[in-house]
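Below, each chain spelled out in residue letters.
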Amino acid sequence: MKKILAGSLVATSLLFGSNSAEININNDTLELVGEFLLNHSYQLSDEGNYYFTVNYLGSENQESTVGNTKNKKLVTTGLKIMNPYIDDRGLSLGIGIKAVWADNYEKDFFATPLEVFAKYEINEQLSLDMNVGYSPKVLTHADGETYKDGKIKVNYKVIDNGYVYVGARSIETTYKNNAEIKFDDNVFFGYKVQF
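Every chain is numbered on its own, with residues counted from 1 as its sequence reads. It should be noted that, the model being predicted, local features are given only for residues of pLDDT at least 70 and side-chain atom pairs only at 80 or more, the latter also being counted only at that level, while totals for whole chains, interfaces and linings use all residues. Side-chain calculation: all heavy atoms of the structure are included, whereas hydrogens and water are not.

Caption draft 1: A look at the overall build of the protein chain. Each helix is a run of H or I in the DSSP string that is no shorter than four residues. Each strand is a run of E no shorter than two, and both are numbered from the N terminus. On a plain count of helices and strands, the protein chain comes out with two helices and 13 strands. The buried share of the protein chain, reckoned over its 195 residues, is 40%. In this description, accessible areas are obtained by the Shrake-Rupley approach with a 1.4 Å probe, and a residue is regarded as covered only by the protein chains that are shown. Accessible surface, the protein chain as shown: approximately 11,200 Å² in total, 60% of it carbon and sulfur. When accessible area is computed with a 1.4 Å probe and restricted to protein chains, residues below 20% of their type maximum are described as buried, those above 50% as exposed, and intermediate ones as partly exposed.

Caption draft 2: Here's a closer look at the pairing of strand β4 (residues 72-82). Burial along β4 is one-sided: Lys72, Leu74, Thr76, Gly78, Lys80 and Met82 are buried, and none of Lys73, Val75, Thr77, Leu79 and Ile81, which face the opposite way, are. The pairing of strand β3 (residues 49-59) with β4 spans 11 bridges and is classified as antiparallel. Bridge assignment links Tyr56 to a residue of β4, and that residue is Val75. Any two strands are treated as partners once DSSP identifies two or more bridges connecting them. In this structure, β4 lies alongside strand β5 (residues 91-103), joined through 10 bridges in antiparallel fashion. Bridge pairing in β5 links Val75 to Trp101.

Caption draft 3: The arrangement of the side chain of Glu172 in detail. As for its placement among the helices and strands, Glu172 is situated in strand β11 (residues 162-175). In this charge count, Lys and Arg are treated as positive and Asp and Glu as negative; neither His nor the chain ends contribute. The rule for a salt bridge is simple: a side-chain nitrogen of Lys or Arg has to be within 4 Å of a carboxyl oxygen of Asp or Glu. Buried and unpaired, Glu172 has Lys148 as its nearest opposite-charge partner, separated by 4.0 Å. Any pair of residues with heavy atoms lying within 4.5 Å of one another is described as a contacting pair. Leave out the neighbours within four places in its chain, and Glu172 touches Thr146, Tyr147, Lys148, Glu180, Ile181 and Lys182.

Structure, rendered in structure tokens:
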């Protein structure tokens, strides 16, 4: 019985060891992020780490070219593929695609931007994450014209599966009537837990 229980615990830790949950804030925004590893559940190739991602961003104050001041929301879900290996310089790269729904203007906005990811491990406790996403007109739907975002953050490992971080992001939606809405372009801080 002990061997079965120990084996189950090891299998569970392997299955869920790369899942993560994050929360970050600044003066105007709250972001919740989840990443769930799909490799073991769907028997995917070990040549890449496949993640299902989900994200919620709520913000009270954004700049708008049309003076819109209502509270804004951004919800995304996506697929992210990261290189499971880190090269000699500590770098790992990845690509992804996500679906974005924005509630930040009186018109409807939906986009499917392509993304590029990079992770740079400085040492065992300190790492740097970056990602850039862009959706041109052909991948932006409803009343939207374009979507672009970027994020960079510095992570510090405080426990085996927990990190604190500080970062900066920029998210912008453009509509067909040339309205440009910025969600956030400020510094934020938060923490991340892997499970």
